[in-house]
Amino acid sequence: FDGALAGWHLPSSTESVKGAWTSGGSENYGRYSNSIFDALVDSALSASSVDASRGFFRRAYQIIVDDAPGIWLYEPRTLIAINKRIQTTPMRPSAWWLDMSSWGLRPK
């Protein structure tokens with residue numbers, strides 16, 4: 001197909017990139033394929049450090065931006081409301097729930 005307007009929600013994990021955009025990805029509905037992108041994503045996911053992973057993903061994302069297999073129109077904002085008594089840890093925009101096991105209740 002030449003064009004489609006679609007939307008889907010992927011988990012906020014780095015692993016979801018593999019399913020959505022690599023050649024063998026189960027959610028790669030547009031059948032985007034680039035062997036260098038695939039190799040960089042695999043390297044990023046198996047990297048031994050966060051810095052190494054970040055470097056591989058940066059290169060992979062530049063390839064997919066240059067190839068432009070899709071145009072991202074928008075990303076809806078997530079609204080989160082939490083009672084004032086709940087003491088949270090710092091939150092990441094992509095995974096607000098990440099350290100939820102460390103949350104607690106403030107005394108009254």
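Scroll up a little and you will see the structure.
Per chain, residues are indexed from 1 in the order of the written sequence. Thresholds applied to this predicted model are a pLDDT of at least 70 for local features of residues and 80 or more for the giving and counting of side-chain atom pairs; totals over whole chains, interfaces and linings are not thresholded and use all residues. Just so you know, side-chain values use all the structure's heavy atoms and leave hydrogens and water out.

(A) Representation of unusual backbone geometry in the model. A positive phi angle is found at Arg-31, which is not glycine, with a value near 60°. Secondary structure counts use DSSP, requiring at least four H or I residues in a row for a helix and at least two E residues in a row for a strand, with both numbered from the N terminus. Looking at the element boundaries, Arg-31 is found in the loop between helix H1 (15–21) and helix H2 (35–46). Phi at Ala-68 is positive, roughly 50°, even though this residue is not glycine. Note on placement: Ala-68 falls in the loop between helix H3 (50–67) and strand S1 (86–87). Type-normalised accessible area, obtained with a 1.4 Å probe on protein chains alone, sets the label of each residue: buried when under 20%, exposed when over 50%, and partly exposed for intermediate values. Classification of Ala-68 as partly exposed rests on a relative accessible area of 47%.

(B) Region of the structure containing the nonpolar core. For this analysis, a nonpolar core means a set of buried residues of the types Ala, Val, Leu, Ile, Met, Phe, Trp, Tyr and Cys, connected via side-chain atoms within 4.5 Å. Judged by nonpolar contacts, Val-17, Ala-20, Trp-21, Tyr-32, Phe-37, Leu-40, Val-41, Ala-44, Phe-57, Ala-60, Ile-63 and Ile-64 together constitute the single largest core of twelve residues. At the level of secondary structure, the elements contributing two or more residues to this core comprise H1, H2 and H3. Ignoring any residue separated from it by four or fewer positions in sequence, one finds Ile-63 in contact with Tyr-32, Asn-34, Ile-36, Phe-37 and Leu-40. By definition in these notes, contact holds between two residues if any of their heavy atoms fall within 4.5 Å.

(C) The packing of H2 against H3, seen in detail. The geometry of H2 relative to H3 is characterised by a closest axis approach of 8 Å and an angle of 160° between their N-to-C directions. With respect to H3, the element H2 is oriented roughly antiparallel. Remark: the crossing between H2 and H3 carries left-handed chirality. Between H2 and H3, the contacting residues are Ile-36, Phe-37, Leu-40, Val-41, Ser-43, Ala-44 and Leu-45 on the first element and Ser-53, Phe-56, Phe-57, Arg-59, Ala-60, Ile-63 and Ile-64 on the second. When residue character is reported, Ala, Val, Leu, Ile, Met, Phe, Trp, Tyr, Cys and Pro are called nonpolar, Asp, Glu, Lys and Arg charged, and the others, Gly included, polar. Residues of the contact of H2 with H3, tallied by class, amount to eleven nonpolar, two polar and one charged. Each axis is a line fitted through C-alpha atoms, and for a helix only the stretch in contact is used; angles between axes span 0 to 180 degrees, taken between their N-to-C directions. Each angle receives one of four descriptions, namely roughly parallel if under 35 degrees, roughly antiparallel if over 145, roughly perpendicular if within 65 to 115, and oblique otherwise. By convention the crossing between two helices is left-handed if the near helix lies anticlockwise of the far one by an angle smaller than a right angle, and right-handed if it lies clockwise.

(D) Molecular detail of the layout of surface pockets. Here the term cavity refers to a set of points on a 1 Å grid, laid over the protein atoms alone, in which a 1.4 Å probe fits but cannot get out; the term pocket refers to an open set having protein on both sides within 12 Å along at least five of seven lines, with lining residues being those that place an atom within 4 Å of a point. Grid points are joined across faces, edges and corners, and a volume is the space filled by probe spheres set on the points. Reported here for the largest pocket is a volume of approximately 2,000 Å³. Forming the walls of the largest pocket are 46 residues, and the residues nearest its centre are Trp-8, Leu-10, Trp-72, Tyr-74 and Glu-75. Where the lining of the largest pocket is concerned, the elements lending two or more residues are H1 and H3. The dominant element in the lining of the largest pocket, judged by the number of residues it contributes, is H1, at four residues.

(E) Geometry of the packing of aromatic side chains. Pairing of aromatic rings covers Phe, Tyr and the six-membered ring of Trp, with a centre-to-centre limit of 6.5 Å; geometry is then stacked below 30 degrees between planes, edge-to-face above 60, and tilted otherwise. Going through the model one piece at a time under the given rule, you end up with three aromatic pairs. Relative to Tyr-32, the ring of Trp-21 has its centre 6.2 Å away and its plane inclined at 75°; by these criteria the two rings are edge-to-face. Highlighted residues: Trp-21 in helix H1 and Tyr-32 in the loop between H1 and H2, separated in sequence by eleven residues. Just as Trp-21 is buried, Tyr-32 falls in that class too. When the ring of Tyr-32 is compared with that of Phe-37, the centres are 5.7 Å apart and the planes differ by 70°; the resulting orientation is edge-to-face. For Tyr-32, a relative accessible area of 8% corresponds to the buried category. Residue Phe-37 is classed as buried on the basis of its relative accessible area of 0%. Three or more aromatic residues joined by ring pairs make a cluster, and in this case those are Trp-21, Tyr-32 and Phe-37.

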